[in-house]
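Here is what each chain is made of, one letter per residue.
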Amino acid sequence: MECVMGVVGRDFAVVAADTSAVQSILVHKTDEDKVMVLDSHKLMGASGEPGDRVQFTEYIQKNLHLYQFRNTIPLSTAATANFTRGELATALRKNPYMVNVILGGYDKDAGASLYYIDYIATLHKIDKGAFGYGSYFCLSLMDKLYHPDMTVEEAVDLIDKCIKEIRLRLVVAPQNFVIKIVDKNGAREYARRDLVGDNASVDAATTVTA
């Protein structure tokens, strides 16, 4: 029941994901970070089979670092999206990665951008998007509330509305989420929305037991 989502604002991109590691009927952990910081100005939110997700995101991250070491300049967000798509397409004909990706980044010349890449190597540049069962609830909210000139506060509020709807309506909903942002100042964690675990707030715990 994974959920990964992202939106692009005026000069930033936000990528959020649940933090549950689940197998069958068991929740193994509630602090699994599924939004990887690829480099100083790129984020990759991924959903899919846990082994594929971890290996593929680390593989992309290390190849971006290798490219920068060899060429002294980083790949742009668009180039990273096309590289990621190429690796998925190559693997598709050998040993496919069951991974879906929301890639967000910021470039000095192009500004913020967001890309949708699924496990069969479909690539689209988007303004808003989501993967997983949570997308059934997120996409309609995004269609209604999204606008291109969103501020950071408006974008995070939209993500919070999506998280609230997922918790309310998804039958086996993940309870904890991480929100990360990338802008001219770099990629970083913005906030966590935890209902269970050591980091859960008192108000959130009250909401669960009410």
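Placed above this text is the structure.
Here's what I pulled together on the structure shown here.

Cut-offs applied
Residues numbered from 1 in each chain as written. Predicted model: local features only at pLDDT ≥ 70, side-chain atom pairs only at ≥ 80, totals over all residues. Heavy atoms only, no water. Helix = DSSP H or I, 4+ residues; strand = E, 2+ residues; numbered from the N terminus. Rg over C-alpha atoms; globule rule 2.2 N^0.38 Å. Contact = heavy atoms within 4.5 Å. Areas by Shrake-Rupley, 256 points an atom, 1.4 Å probe, with all protein chains shown as cover. Lys, Arg positive; Asp, Glu negative; His and termini not counted. Charge placed at Lys NZ, Arg CZ, Asp CG, Glu CD. Pairing = 2+ DSSP bridges. Axes fitted to C-alpha atoms, helices over the stretch in contact; angles between N-to-C directions. Phe/Tyr/Trp six-rings, centres within 6.5 Å; stacked < 30°, edge-to-face > 60°. Buried < 20%, exposed > 50% of the residue type's maximum accessible area, 1.4 Å probe, protein only.

Structural notes on the overall build of the protein
Then, in step 1: Assigned secondary structure in the protein consists of 5 helices and 12 strands.
Then, in step 2: The globule rule puts the C-alpha radius of gyration for 210 residues at 17 Å, and the 17 Å found for the protein is close to it.
Then, in step 3: Sequence separation of at least 24 residues holds for 58% of the intrachain contacts in the protein that already meet a minimum separation of 6.
Then, in step 4: Per element, the accessible surface of the protein, about 10,900 Å² overall, is 51% carbon and sulfur.
Then, in step 5: Charged side chains in the protein number 23 positive and 27 negative. The centres of these two groups are separated by 3 Å.

Things to note about the sheet that holds strand E11 (residues 177-183)
Then, in step 1: Taking strand neighbours across the sheet as the criterion, the 5 strands line up as E10-E1-E2-E11-E12 in an open arrangement whose pairing is antiparallel. With one partner strand each, in any of the chains shown, strand E10 (128-132) and strand E12 (186-193) form the two edges of the open sheet. Pairs of neighbouring strands in the sheet enclose a mean axial angle of 15 degrees, with direction left out of account.
Then, in step 2: In the sheet, strand E1 (residues 3-8) pairs with E10 via 5 bridges, with the strands oriented antiparallel. Its bridge partner being in E10, Val 4 is matched across the sheet by Phe 131.
Then, in step 3: Contacts from helix H4 (residues 152-169) reach E1, strand E2 (12-18), E11 and E12 within the one sheet, and its direction differs from that of E11 by about 160 degrees.

Here we look at the packing of aromatic side chains
Then, in step 1: Applying the stated criterion to the full structure yields 3 aromatic pairs.
Then, in step 2: With centroids separated by 4.8 Å and ring planes inclined at 50 degrees, the aromatic side chains of Phe 56 and Tyr 97 adopt a geometry described as tilted. Residue Phe 56 is located in helix H1 (residues 50-71), and its partner Tyr 97 is located in the loop between helix H2 (77-92) and strand E7 (99-107); the two are separated by 41 residues in the primary sequence. With respect to class, Phe 56 is no different from Tyr 97; both count as buried.

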